[in-house]
Amino acid sequence: MKNNVTSPKVLKTLMEKYQVAPLKRFGQNFIIDGNIAGRIAEAAVTSGACVLEIGPGMGALTSRLLGCASIVAAYEIDAGLSAALRDMFTDETHFHLFHQDFLKADLNKDLDGLFKGKEVYVAANLPYYITSPCIMKLVEANMNIVSVTVMVQKEVAERLCAKPGSRDYGAISAAVGYFAETKLLFNVSAGCFYPKPDVASAVVQLTVKRKAGGEDDEAYLKTVKSLFAMRRKTVKSNLRQSFDLSAEAAAGVLREAGVDENARAEMLSVSDFEQVAYSLKKSAVSFSDLAGEKDLM
Ligand code: SAM
């Protein structure tokens, strides 16, 4: 692609040419700072890598990824943007676009043939309205993902990287922390996007440390969600409510896990949640009646 879409002037001209306009409902804020797009690509990808991008938009990040990756597979929900991308990247044979909602995509069906079991690096300027389900889908994907480098709302980045006991630590921190090490790479101001969003952003990197699909994943994630159900309440109280346990049974589960029954979930580490999940499983508690763990923000 020869166009420099991070130039606001070029971007607007191209949007007119392809008759597309930024849609709020799809979280469309396009990067108009070439330096930022370059830094994300550089942090996300090693030379010759297989890359998965979510929401390529007008291709600001995509063109940088294509410059060093051997394959870039991308999911774009917007029909107009998908048509524009196909035209702009028509010469890039290592670009594979899926015009589809990433959250509904069957990643194994779409990508197994392309990536052939190789290591996969994820890069994205994520649509803000679905950050948490996108990240959970990635860390839980049955794929060989090495790292996920994503631009998100700054506040979300802080939550993803928060440590137990801090103000920002919540269910999403504990859920993601089970699968990956998280690191806040750098902040990005609202002026780096068109249209300009109301909030600042940050780029975070998740380095996968545990392959998803283990038999304990569901119990862990549901335990996290349950213990954070009411943040101000003690873990014992949340446990009783979520699993319909007597006071004695809840206290027994926590004792076995080595967790203080009067603690709040925000004080618990990944290993504490694992111990509680293990102890719940041992007491034959059913996890299947609990709601899914997709929305953890
Ligand atoms: N990557 C581009 C950039 O940085 O300039 C665009 C980023 S914009 C914040 C988010 C992109 O995700 C948009 O192109 C939007 O249409 C796309 N998108 C939103 N929801 C999506 C979904 N569920 N599946 C796939 N793409 C989605």
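Residues numbered from 1 in each chain as written. Predicted model: local features only at pLDDT ≥ 70, side-chain atom pairs only at ≥ 80, totals over all residues. Heavy atoms only, no water.

Peer 1: If you had to explain the packing of aromatic side chains to someone new, which residues and values would you point to?
Peer 2: Tallied over the entire structure, the rule returns nine aromatic pairs. Pairing Tyr178 with Tyr220 gives two aromatic rings, centres 3.8 Å apart and planes at 10 degrees, and the pair type is stacked. Here Tyr220 lies in helix H9 (residues 217-227) and Tyr178 lies in helix H8 (residues 171-179), a separation of 42 residues in the sequence. You can call Tyr220 buried: its relative accessible area is 1%. The rings of Tyr169, Tyr178, Phe179, Tyr220, Phe228 and Phe273 are connected pair by pair, giving a single aromatic cluster. Here the basic side chain of Lys137 rests over the ring of Phe102, its NZ or CZ set 5.3 Å away from the ring centre. (Phe/Tyr/Trp six-rings, centres within 6.5 Å; stacked < 30°, edge-to-face > 60°. Helix = DSSP H or I, 4+ residues; strand = E, 2+ residues; numbered from the N terminus. Buried < 20%, exposed > 50% of the residue type's maximum accessible area, 1.4 Å probe, protein only. Lys NZ or Arg CZ within 6 Å of the ring centre and 35° of its normal.)

Peer 1: Lay out H9 with the relevant residues and their values.
Peer 2: Burial analysis of H9 places nine of its eleven residues in the buried class, which makes it a mostly covered element. Considered for burial, the residues of H9 that qualify are Asp217, Ala219, Tyr220, Leu221, Lys222, Thr223, Val224, Ser226 and Leu227. For H9, the secondary structure elements touched by its buried residues are helix H6 (131-139), H8, helix H10 (235-243) and helix H12 (270-282). (Contact = heavy atoms within 4.5 Å.)

Peer 1: An account of unusual backbone geometry is requested, with residue identities and associated values reported.
Peer 2: A cis amide bond, omega -10 degrees, links Tyr194 with the succeeding residue Pro195. Mapped onto the elements, Pro195 comes out in the loop between strand S8 (193-194) and strand S9 (201-208). For Lys116, which is not glycine, the phi torsion reads 45 degrees and is therefore positive. Here Lys116 lies in the loop between helix H5 (107-115) and strand S5 (120-125). Notably, Asp244 is not glycine yet its phi reads approximately 55 degrees, a positive angle. On the secondary structure map, Asp244 appears in the loop between H10 and helix H11 (247-257). Accessibility expressed as a relative area gives 71% for Asp244, which makes it exposed.

Peer 1: Can you lay out the site of the ligand for me, pointing to particular residues and giving the numbers?
Peer 2: Close to the ligand lie 23 residues; Gln28, Gly55, Glu76, Asp101 and Asn125 are nearest. Between a nitrogen atom of the ligand and a main-chain N or O atom of Pro56, the distance comes to 3.4 Å. Within the side chain of Asn125, a nitrogen or oxygen atom sits 2.8 Å from an oxygen atom of the ligand. Taken by itself the ligand offers 590 Å² of open surface, and the protein chains cover 99% of this. Applying the majority rule of atoms within 2 Å of the grid points places the ligand in the largest cavity. (Near = heavy atom within 4 Å. Polar contact = N/O pair within 3.5 Å; in protein donor to acceptor, adjacent residues only side chain to side chain. Areas by Shrake-Rupley, 256 points an atom, 1.4 Å probe, with all protein chains shown as cover. 1 Å grid on protein atoms, 1.4 Å probe; cavity = no way out; pocket = protein on both sides within 12 Å on 5 of 7 lines; lining within 4 Å. Sits in = over half its atoms within 2 Å of the grid points.)

Peer 1: Would you mind going over the domain arrangement of the protein chain in detail, with residue names and values included?
Peer 2: Reports of interface size often rely on the accessible area that becomes lost once the parts have come together. Each assigned domain of the protein chain is listed with its residue range as follows: domain 1 (8-208) and domain 2 (217-282). If you average the C-alpha positions of domain 1 and of domain 2, the two centres end up 33 Å apart. Counting residues at the interface gives 14 residues for domain 1 and 14 residues for domain 2. Buried area between domain 1 and domain 2, summed over both chains or domains, comes out near 1,000 Å², and the portion from carbon and sulfur atoms is 68%. The interface formed by domain 1 and domain 2 contains zero salt bridges. At the junction of domain 1 and domain 2, the tally comes to five residue pairs in polar contact (both at pLDDT 80 or more). Residue composition of the side of domain 1 that touches domain 2, by class: eight nonpolar, four polar and two charged. (Domains from an automatic or database assignment. Buried area = accessible area lost by both parts, 1.4 Å probe. Salt bridge = Lys/Arg side-chain N within 4 Å of Asp/Glu carboxyl O. Nonpolar A, V, L, I, M, F, W, Y, C, P; charged D, E, K, R; others polar.)

Peer 1: Tell me about the sheet that holds strand S4 (residues 95-99), and please be specific about residues and values.
Peer 2: Read from one edge of the open sheet, seven strands run S4-S3-S2-S5-S6-S9-S7, paired in mixed fashion. The strands lining the two open edges of the sheet, one partner per strand, are S4 and strand S7 (180-188). The sheet shows a mean angle of 15 degrees between the axes of neighbouring strands, direction not considered. In the sheet, strand S2 (residues 50-54) pairs with strand S3 (residues 71-76) via five bridges, with the strands oriented parallel. (Pairing = 2+ DSSP bridges. Axes fitted to C-alpha atoms, helices over the stretch in contact; angles between N-to-C directions.)

Peer 1: Provide a residue-level description of the state of the cysteines, including the pertinent values.
Peer 2: By definition, a disulfide links the sulfur atoms of two cysteines through a covalent bond. What the rule picks out here adds up to zero disulfides. No disulfide involves Cys50; its sulfur sits 12 Å from that of Cys68, the nearest cysteine. Exposure remark for Cys50: the relative accessible area of 2% places this residue in the buried category. Free of any disulfide, Cys161 has its nearest neighbouring cysteine sulfur in Cys134, separated by 17 Å. (Disulfide = S-S within 2.5 Å.)

Peer 1: Outline the layout of surface pockets, supporting the account with residue identities and numerical values.
Peer 2: Rolling a probe over the atoms, with the probe sized like a water molecule, indicates the empty space that remains. Within this model, the largest pocket holds a volume of roughly 290 Å³. Lining the largest pocket we find 13 residues, and of these Lys24, Asn29, Lys196, Pro197 and Asp198 sit closest to its centre. For the lining of the largest pocket, the residue count by class is seven nonpolar, three polar and three charged. Computed from the structure, the second largest pocket encloses a volume of approximately 190 Å³. Lining the second largest pocket are 15 residues, and of these Ala162, Lys163, Ser173, Gly177 and Val270 lie nearest its centre. Residue assignment for the lining of the second largest pocket shows that the elements contributing at least two residues are helix H7 (154-161), H8 and S7. (Points joined across faces, edges and corners; volume = space filled by probe spheres on them.)

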